Amino acid sequence: MGIHGLTKLLADNAPSAMKENEMKNYFGRKIAIDASMSIYQFLIAVRAEGSQLTNEAGETTSHLMGLFYRTIRMLDNGIKPVYVFDGKPPSLKSGELAKRTERREEAQKQLDAATEAGDQENVDKFTRRLVKVTPQHNKECKELLKYMGVPYVDAPCEAEAQCAELVKGDKVYAMGSEDMDSLTFGTNILLRHLTFSEARKMPIQEFHYDKVINELEFTKEQFVDLCILLGCDYCESIKGVGPVTAMKLIREHKSIEGVLKHLETGNKKYQIPENWLFKEARQLFIEPEVKSAKEVELKWTKPDEDKLVEFMCKQNGFSEERIRNGAKKILKAKQSSTQGRMDSFFKVIPSNKPAVKRK
């Protein structure tokens, strides 16, 4: 779900923290990618005649096709991707997971009704709403990445938090995810739309955390509190408090505790959740359960063409010619990526000298 309304709020209040970019401009960069979010995109988008791709056994293969070709696209552009997979969900997320289950059950009812009525448009619509990334999808994607020579990391808990840790620990340059709560976890640079298909023609959105904090004139803790007020996966939000009001309340009262004191004494218009777990949500964002970046070793290796063909063609029904061509592209990209970025050789040291004005 991410953080409700955060993208628009930043566009309105911290525009310099956002910019649009092209994939080619990340040549030589290592980027951590939220695997589950990407796989979900592939299951939704990679289809033939409205249905997911399947092999002869009827097993879904849309995620494999999407992962294979979008990863090659990144490698072609000189990017070194590392995929990060979710671990166990935090206990605070149980409420959000229960809501998702309810929405899926409702979507199933609507799908049954649309199928009975022969309404193909709604059949497609509600079929997409039932899409879910399963442990089997993750297992197959990890196997594919291994044969492609692309590393992956198993997070102990939330993938977004682990991606943010890899960025903060200088293991990678940025993280790629569609969820804006990546910024709440403190990633230095967030890239959205990185794994979208070229057909969608969407530029990559780049968010810079430090600029967000500076332009909003918030502390990191205040930014987390703002995100909780906007609405996150880990606790309820205050009914009636939208993005504009949330910004105003944090600016004036500095923290959720200050906001609550103000609302309880001066304004009965807003409904504060009973037994509100905002402190626990705050702690989860500030100190999430992650594997230390120092413990993570990332290694990109040559693709194993024969095992790729065995897995993708013989087991999952893809064209051998296309898979072998893909393997050759990966190998070529690996050889060309040894040429690094110029800024990786030089470090800019800021000068403490005052600027000299020209006459």
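In this report, the structure presented in the accompanying data block is examined. Not measured: the values here are computed from a predicted model. Residue positions are counted from 1 within each chain, in the order its sequence is given. Where local features are concerned, this predicted model is filtered to residues with pLDDT of at least 70; where side-chain atom pairs are given and counted, the filter is 80 or more; whole-chain, interface and lining totals use all residues. The basis for every side-chain value is the complete set of non-hydrogen atoms in the structure, without hydrogens or water.

So, about unusual backbone geometry. One non-glycine residue, Glu217, lies in positive phi territory at about 60 degrees. Helical segments are the DSSP runs of H or I of at least four residues, strand segments are the runs of E of at least two, and each set is numbered from the N terminus. Within the element layout of this structure, Glu217 appears in the loop between α9 (209-216) and α10 (220-230). Accessibility here uses a 1.4 Å probe with only protein chains present; expressed as a share of the type maximum, an area under 20% marks a residue as buried, one over 50% as exposed, and anything in between as partly exposed. For Glu217, a relative accessible area of 66% gives the class exposed. Of note in this structure, Asn275 is not a glycine but carries a positive phi near 50 degrees. Relative to the assigned elements, Asn275 resides in the loop between α12 (256-266) and α13 (278-286).

Side-chain rings of Phe, Tyr and Trp, where Trp is taken by its six-membered ring, are said to pair if the distance between their centres is within 6.5 Å; with planes under 30 degrees apart they count as stacked, over 60 as edge-to-face, and otherwise as tilted. One pass over the full model with this rule turns up 7 aromatic pairs. When the centroid spacing of 5.2 Å and the interplanar angle of 65 degrees are considered together, the rings of Tyr234 and Phe285 count as edge-to-face. Residue Tyr234 is found in the loop between α10 and α11 (243-253), and its partner Phe285 is found in helix α13; the two are separated by 51 residues along the sequence. Between the NZ or CZ atom of Arg29 and the centre of the ring of Tyr173, over which it lies, the distance is 3.8 Å. Of note, Lys142 hangs over the ring of Phe85, and the distance from its end group to the ring centre comes to 5.0 Å. The criterion is that NZ of a Lys, or CZ of an Arg, lies within 6 Å of the ring centre and within 35 degrees of the ring normal, and then a charge sits over that ring.

On to the packing of helix α3 (residues 62-76) against helix α15 (residues 320-336). Here α3 crosses α15 at 30 degrees, and the two axes come no closer than 9 Å. On the basis of the axis angle, α3 is roughly parallel to α15. Along this stretch, α3 crosses α15, giving a crossing that reads as left-handed. For the pair formed by α3 and α15, the contact residues are Phe68, Tyr69, Ile72, Leu75 and Asp76 on the first element and Arg322, Ile323, Gly326, Ala327, Lys329, Ile330 and Ala333 on the second. Split by residue class, the contact of α3 with α15 holds 8 nonpolar, 1 polar and 3 charged. Lines fitted to C-alpha atoms define the axes here, with helix axes fitted over just the stretch in contact, and angles between the N-to-C directions of these axes take values from 0 to 180 degrees. Working definition: roughly parallel below 35 degrees, roughly antiparallel above 145 degrees, roughly perpendicular at 65 to 115 degrees, and oblique for all remaining angles. Less than a right angle of anticlockwise turn of the near helix away from the far helix marks a crossing as left-handed, whereas a clockwise turn marks it as right-handed. Contacts were defined at the residue level, with two residues in contact if any of their heavy atoms lie within 4.5 Å. Residue polarity is assigned by list, with Asp, Glu, Lys and Arg as charged and Ala, Val, Leu, Ile, Met, Phe, Trp, Tyr, Cys and Pro as nonpolar; anything else, Gly included, falls into the polar class.

With that settled, consider the pattern of salt bridges. The term salt bridge refers to a pairing of a side-chain nitrogen on Lys or Arg with a carboxyl oxygen on Asp or Glu at a separation within 4 Å. Scanning the entire structure with this criterion turns up 13 salt bridges. Asp154 is the salt-bridge partner of Lys142, the closest N and O atoms lying 2.6 Å from each other. Placement of the pair is Lys142 in helix α6 (residues 135-148) and Asp154 in strand β6 (residues 152-154), with a sequence separation of 12 residues. Here the salt bridges do not stand alone but share partners, grouping Glu305, Asp306, Glu320, Arg324 and Lys328 into one network.

Grouping buried Ala, Val, Leu, Ile, Met, Phe, Trp, Tyr and Cys residues that are joined through side-chain atoms within 4.5 Å yields what is termed a nonpolar core. Counting residues in each nonpolar core, the largest one holds 97 residues, and the members touching the most others are Leu10, Phe223, Leu226 and Ile228. Counting residues per element, this core draws most heavily on α10, which supplies 7 residues. Residues from two domains meet in this core; each of domain 1 (16-216) and domain 2 (218-289) gives at least three. An automatic or database domain assignment supplies the residue ranges for each domain.

This part takes up α15. In this analysis, the expected span of each helix is defined as 1.5 Å times one less than the number of residues it contains. With 17 residues, α15 extends 24 Å between its outermost C-alpha atoms, agreeing within 8% with the 24 Å of an ideal straight helix rising 1.5 Å per residue. Among all positions of α15, only Ile323, Gly326, Ala327, Ile330 and Ala333 are buried. Within α15, the buried residues cover an arc of 125 degrees as seen down the axis, which keeps them to one side. α15 presents Glu321, Lys332 and Gln335 as exposed residues on the side facing more than 90 degrees away from its buried surface. What the arc measures is the spread of directions leading from the helix axis to the C-beta atoms.

Moving on: helix α7 (residues 159-168). Of all 10 residues in α7, 9 are buried; the element is thus mostly enclosed. For α7, the set of buried residues is Ala159, Glu160, Ala161, Gln162, Cys163, Ala164, Glu165, Leu166 and Val167. With its phi angle positive at about 65 degrees, Asp170 sits one or two positions after the end of α7.

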